[in-house]
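Coordinate analysis (summary)
Residues per chain are reported as follows:
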2 protein chains.
Amino acid sequence: MKGHQNMLSIKHFLVVSMALNVGLISRVLFIGDIKRGDVFFCPESEKTLPVDISREENHVEKKKNDATSIEIPISPPQAIMAPQKDDGSVINLDHGDPTMYEKYWKQTGDKTTVVIPGWQLISYFSDIRNICWFLENEFADAIVKLHNKVGNAVTEGRHIVVGTGSTQLYQAVLYALCPDNSGSEPMSVVSAAPFYSSYPLMTDFLKSGLYKWGGDAHEFNADKPYIELVTSPNNPDGSSREAVVNGRRGILVHDLAYLWPQYTPISSPADHDIMLFTVSKSTGHAGTRLGWALIKDEEIARKMTKFIELNTIGVSKDSQIRAAKILSHVSESIDNKPESDQGGDNFFEFAYDVMAKRWTQLRAAVNRTTLFSLPSFPSGTCSFSGHTFQPQPGITWKE
Amino acid sequence: MKGHQNMLSIKHFLVVSMALNVGLISRVLFIGDIKRGDVFFCPESEKTLPVDISREENHVEKKKNDATSIEIPISPPQAIMAPQKDDGSVINLDHGDPTMYEKYWKQTGDKTTVVIPGWQLISYFSDIRNICWFLENEFADAIVKLHNKVGNAVTEGRHIVVGTGSTQLYQAVLYALCPDNSGSEPMSVVSAAPFYSSYPLMTDFLKSGLYKWGGDAHEFNADKPYIELVTSPNNPDGSSREAVVNGRRGILVHDLAYLWPQYTPISSPADHDIMLFTVSKSTGHAGTRLGWALIKDEEIARKMTKFIELNTIGVSKDSQIRAAKILSHVSESIDNKPESDQGGDNFFEFAYDVMAKRWTQLRAAVNRTTLFSLPSFPSGTCSFSGHTFQPQPGITWKE
């Protein structure tokens, strides 16, 4: 990151980060200090954070064998424990906030307002007949309906496990997949670089004896059980992915947080054994802290539920009920015709347009410099929307 | 528990458990099968669970040197992953549900209803100036106000960390207190028996290299760093507690979930370095999964925040906003005069009356048999309510 800082010192700025995750997109600024007002595309948000382009920390693994790449950390908030000075002169690329759909949600008015009387949702339990006994049926129904309408994931024959964000579900999956018989060494968890910056931290922060971070999946070739994380579209580089380890003893976990039609053309429903999704990326409601897993194997669903039981004794019902309303609205809005140039009431049309506009602006900005380049993706026709487009990820990877 | 099962087989039943945690209180039944309708005191709740008195599992540690004690597991839901057959003939004491304040919350009507529009609370962040950057200010204010009115804990000079229930905060505390330098052995975590049944499970389920369950604090005498959990009033036996380990190198964690005036006379504000509370026990809103920690040391608050960041990237904002409204109402209701025999709008008067009534009935029921006895507590005058009473715990311990 030293070179990066040098660029700052000579006041050649290219402010580029945007993200669903980051909630910001930026534009090229060649001369002068960066002012907070220049970081934009979230005008409604009063909580937009300064983006610190000078940070030494780097939460995204370097793309292997590519010394010239510049990584834009886009992970959810990390290393922000200390309140940071905001004098408007720095831009923080370490973390961000998905607020770009706020305008849409304001448009929906009361239709997506949730009302919870003081006496409701008091119980620990949602449905004790369900393996995931803290899963609200309304939320489960909304998930199934939405996947079936969008066609991005198979829900038939799957157990749904709800989590406090997909972060908790990730840890629940690790717990579920690792044998707890003492004596066995921790199972390796790998993912192809560049991978989501939080994976190593989330895997190793408790120094679990059940699992450990094993690094870049490209380099993993041990003949022992392992877990491979397949993030598709990938965070941070936006690419579509498949497993890379050619091992017999691996279990695959598919993180499909960005597999929605505003980011990538949907081809056919994903049909994997373990699939993770999150409300943060699909509708932008990060503050609800809600994710869900679609799990084929009953025993894995059961052990994931056990993890969440021991970790947090379930998941906020308030958030589940709210998310149920929001996801239901999204499903219903799919049938609506676009009413304006931003898709009107149709959520995915609105979101697609927002992302398309940002990527157009981002590519135009980057084209004005030779300092960076953006990845190029193959175009595809989306089976859901009918749009033919190249992926427009919620995150960027600049070289 | 074998003897317990024999009792069932000869159809001598004593159904005794009640709990805030269990949400049930029971009565003596000497002859005949137990029917679900006989388990009562929660008539409003349709979600009341069967209480399985025949369970082999026992989630509460045996009281040491007391072979005749019969433990009533009252922990939050555990081992309930399999949907259980409910033929009305068994009573499950393994878990329960705090629904006995539901009537009160129904009485409050719209005053405790929360309304959240679809565009609000979208951000990951609540207040980045705060160490706990995902803590909603409304919730923090409500906590401080309530503690100051009740006088059960010092809030001045404390950092507030919000968690997905006090369960998550417990794990956050362990993470915060244990040095992460590799090479050091895991720190022992101890608590005086009988202790909360979930402590050993929550401590050891990930086989962390940072900490490990060390068992009964009475038996701990190693000259090395340790963490002692002091639960007061205690779960499961309701006793007031202080640390028991006479060690120089210990750090105390006070779990004060039941330190509210419906359960025990408040004497003076608790003034410990690390104090844990939860909405589940104070107002009965278990489904919100919300707890809070009052932390004196900034670095500990910072590390706890880091844990929650890595574990779930924050805590449901929907639940925080809802809990803020509910706790604020509780604070305001304190100034109201009781309007009925159940305390009217004054929450703690209502809750005190509910608990008093249950304990009167429970003691009357137990007096009808020689099979069990209930603990006796010293009476005290509550500095908050002015009532002189002996503690009426949200949980029972029968011998």
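Residues numbered from 1 in each chain as written. Chains lettered and ligands numbered in written order. Predicted model: local features only at pLDDT ≥ 70, side-chain atom pairs only at ≥ 80, totals over all residues. Heavy atoms only, no water.

Notes on the overall build of chain A
Put simply, the rule reads: Only DSSP runs of H or I with at least four residues qualify as helices, and only runs of E with at least two residues qualify as strands; both kinds are numbered from the N terminus onward. Classification of residues uses two cut-offs on accessible area relative to the type maximum, computed with a 1.4 Å probe and protein chains only: under 20% is buried, over 50% is exposed, and between them is partly exposed. The contact definition used throughout considers only heavy atoms, calling two residues in contact when any of these lie within 4.5 Å. The Shrake-Rupley method, run with a 1.4 Å probe, gives the accessible areas here. Residue values count only the displayed protein chains as cover.
Scanning chain A for helices and strands turns up nine helices and 12 strands. Relative to its full complement of 399 residues, chain A shows a buried share of 65%. Here the analysis covers contacts within chain A between residues at least 6 apart in sequence; of these, 69% occur between residues at least 24 apart. By element, 49% of the accessible surface of chain A is carried by carbon and sulfur atoms, the whole surface being about 14,400 Å².

So, the sheet that holds strand β5 (residues 187–191) of chain B
All names here are of chain B. The criterion, for reference: The pairing criterion for strands is at least two bridges between them, as found by DSSP. Helix axes use the C-alpha atoms of the stretch in contact, all axes being lines fitted to C-alpha atoms, and the angles between their N-to-C directions lie in the range 0 to 180 degrees.
If you walk across this open sheet you meet the seven strands as β4-β10-β9-β8-β7-β5-β6, and the pairing is mixed. A strand with exactly one partner marks an edge of an open sheet, and here the two such strands are β4 (159–163) and β6 (211–216). Across the sheet, the mean angle separating the axes of adjacent strands is 25° when strand polarity is ignored. Note that strand β9 (residues 274–278) and strand β10 (residues 291–295) share five bridges and pair antiparallel.

Considering the interface of chain B and chain A
Operational definition: Buried surface area refers to the total accessible area, computed with a probe of radius 1.4 Å, that the two partners give up upon joining, counted for both partners together. Put simply, a salt bridge is a Lys or Arg side-chain nitrogen that is within 4 Å of an Asp or Glu carboxyl oxygen. Whenever two N or O atoms come within 3.5 Å, that pair is a polar contact, provided that in protein one can donate a hydrogen and the other can accept it, and provided that, for residues adjacent in sequence, both atoms are side-chain atoms.
The interface is formed by 82 residues belonging to chain B together with 82 residues belonging to chain A. Taken over both partners, the interface formed by chain B and chain A buries close to 7,000 Å², and the fraction arising from carbon and sulfur atoms is 62%. Run the count over chain B and chain A and you get two salt bridges. Residues Asp318(B) and Arg322(A) are paired through a salt bridge, measuring 2.8 Å at the closest nitrogen-oxygen approach. Between the two partners, chain B and chain A, sit 44 residue pairs in polar contact (both at pLDDT 80 or more). Elements with a minimum of two residues in the side of chain B that touches chain A: α2 (102–108), β3 (114–116), α4 (165–177), α5 (198–204), α6 (279–282), α7 (298–312) and α8 (317–333) of chain B. By residue number, the principal contributor to the side of chain B that touches chain A is α7(B), which donates nine residues. Inspection of the sheet shows strand β3 (residues 114–116) of chain A paired to β3(B) by three bridges, in the antiparallel sense. Bridge pairing in β3(B) links Val115(A) to Val115(B).

Looking at the packing of aromatic side chains
Applicable threshold: Each pair of aromatic rings taken from Phe, Tyr and Trp, with Trp reduced to its six-membered ring, is defined by centres within 6.5 Å and is described as stacked if the planes are under 30 degrees apart, edge-to-face if over 60, and tilted in the remaining cases. Ring-over charges, as used throughout, are those where CZ of Arg or NZ of Lys falls within 6 Å of the ring centre and within 35 degrees of the ring normal.
Scanning the model with the defined rule gives 50 aromatic pairs over all chains in all. When the centroid spacing of 5.3 Å and the interplanar angle of 55° are considered together, the rings of Tyr104(A) and Phe350(A) count as tilted. In this pair, Tyr104(A) sits in helix α2 (residues 102–107) while Phe350(A) sits in helix α9 (residues 347–367), placing the two residues 246 residues apart along the sequence. When its relative accessible area of 0% is taken as the criterion, Tyr104(A) is described as buried. For Phe350(A), a relative accessible area of 1% puts it in the buried group. Put simply, the rings of Tyr101(A), Tyr104(A), Trp105(A), Phe139(A), Trp260(A), Phe277(A), Trp292(A), Phe347(A), Phe348(A), Phe350(A) and Phe384(A) pair up and form one aromatic cluster. The ring of Trp119(B) has Lys106(A) sitting right over it, with the charged end atom 4.6 Å from the ring centre. Lying over the aromatic face of Tyr175(A), Lys303(A) brings its terminal NZ or CZ to 5.1 Å of the ring centre.

Focus: the relation of the copies chain B and chain A
Rule in force here: Our superposition of the copies is a least-squares fit, built on the C-alpha atoms of residues whose pLDDT is at least 70 in both.
Superposition of chain B onto chain A requires a rotation of 180° combined with a translation of 0.0 Å along the rotation axis, giving an RMSD of 0.0 Å. Here the copies are linked by what is in effect a two-fold axis. When you check the interface residues of chain B against chain A, 100% turn up at the interface there too, and the contact is symmetric in its surfaces.

Digging into the sheet that holds strand β5 (residues 187–191) of chain A
Across a sheet, strands are paired by hydrogen bonds formed along the backbone, either parallel or antiparallel in direction. Residue and element names in this part refer to chain A. Taken together, the seven strands give an open sheet; going across it, the order is β4-β10-β9-β8-β7-β5-β6, and neighbouring strands pair in mixed fashion. In the strand order of this sheet, the two ends are held by β4 (159–163) and β6 (211–216), each with one partner. With direction set aside, neighbouring strand axes in the sheet form an average angle of 25°. Across six bridges, strand β7 (residues 226–231) lies against strand β8 (residues 250–255) in parallel orientation. Paired with Ile227 across the two strands is Ile251, which belongs to β8.

Regarding the packing of helix α4 (residues 165–177) of chain A against helix α7 (residues 298–312) of chain A
Residues and elements named next belong to chain A. Using the following cut-off: For classification purposes, an angle smaller than 35 degrees is called roughly parallel, one larger than 145 roughly antiparallel, one from 65 to 115 roughly perpendicular, and anything else oblique. Note: crossing handedness is left-handed where the near helix turns anticlockwise from the far helix by less than a right angle, and right-handed where it turns clockwise. Three classes are used: nonpolar for Ala, Val, Leu, Ile, Met, Phe, Trp, Tyr, Cys and Pro, charged for Asp, Glu, Lys and Arg, and polar for all others, with Gly counted as polar.
Packing of α4 against α7 leaves a shortest axis separation of 8 Å and a crossing angle of 120°. Taken together, the axes of α4 and α7 lie oblique to each other. Judged by the sense of rotation from one axis to the other, the crossing of α4 with α7 is right-handed. Facing α4, whose interface residues are Gln168, Leu169, Gln171, Ala172, Val173, Tyr175, Ala176 and Leu177, α7 presents Ile300, Lys303, Met304, Lys306, Phe307, Ile308, Leu310, Asn311 and Thr312. Of the residues contributing to the contact of α4 with α7, the split by class is 11 nonpolar, four polar and two charged.

Overview of the pattern of salt bridges
Note that side chains of opposite charge can pair when their charged atoms are close. Residue and element names in this part refer to chain A. If you walk through the whole model with that rule in mind, you get 26 salt bridges over all chains. Between Asp345 and Lys111 there is a salt bridge whose closest N-O contact spans 3.7 Å. Of this pair, Asp345 sits in the loop between α8 (317–333) and α9 while Lys111 sits in the loop between α2 and β3, and the two are 234 residues apart along the sequence. Each member of the salt-bridge network shares a partner with another, and the members are Asp223, Arg248 and Arg249.

What about the state of the cysteines?
All names here are of chain B. Condition: When the sulfur atoms of two cysteines come within 2.5 Å, that pair is taken as a disulfide.
Applying the stated criterion across every chain yields a total of zero disulfides over all chains. Summary of cysteine pairing: Cys132 is not part of a disulfide, and the nearest cysteine sulfur, belonging to Cys178, is at 20 Å. Taking the relative accessible area as the measure of exposure, Cys132 reaches 1% and is therefore buried.

Observations regarding the environment of Gly380(A)
All names here are of chain A. Within the fold, Gly380 resides in strand β11 (residues 380–381). Separated by 114 residues in the primary sequence, Gly380 and Ile266 have C-alpha atoms spaced 8.3 Å apart. If we skip the residues at most four places from it in the chain, Gly380 touches Pro265, His387, Thr388 and Phe389.

Quick look at the packing of helix α3 (residues 137–150) of chain B against α8(B)
All names here are of chain B. For the pair α3 and α8, interaxial distance at closest approach is 8 Å and the crossing angle is 25°. One way to sum up the angle between α3 and α8 is to call them roughly parallel. Crossing of α3 over α8 shows left-handed handedness. Of α8, the residues touching α3 (which contributes Glu138, Phe139, Ala142, Ile143, Lys145, Leu146 and Lys149) are Gln320, Ile321, Ala323, Ala324, Leu327, Ser328, Val330, Ser331 and Glu332. For the contact of α3 with α8, the residue count by class is nine nonpolar, three polar and four charged.

Considering the side chain of His285(B)
With respect to the helices and strands, the residue His285(B) is situated in the loop between α6 and β10. With relative accessibility at 0%, the residue His285(B) sits in the buried group. Side-chain polar atoms of His285(B) contact the backbone oxygen of Gly118(A), separated by 2.7 Å. Those residues in contact with His285(B) that lie beyond four places of it in its chain are Gly118(A), Ile122(A), Trp105(B), Val279(B), Ser280(B), Arg322(B) and Ile326(B).

What to know about the pairing of β5(B)
Residues and elements named next belong to chain B. Stated formally: Clockwise travel from the first strand over the helix to the second, with the strands pointing away from the viewer, marks a crossover as right-handed.
Counting buried residues along β5, five of its five residues qualify, which places the element largely inside the surrounding structure. Bridging between β5 and β6 involves five bridges; their strand directions are parallel. Each residue of the ladder has a partner; that of Ser191, found in β6, is Asp216. Taking the sense of rotation as the criterion, the β-α-β connection linking β5, α5 and β6 turns out right-handed.

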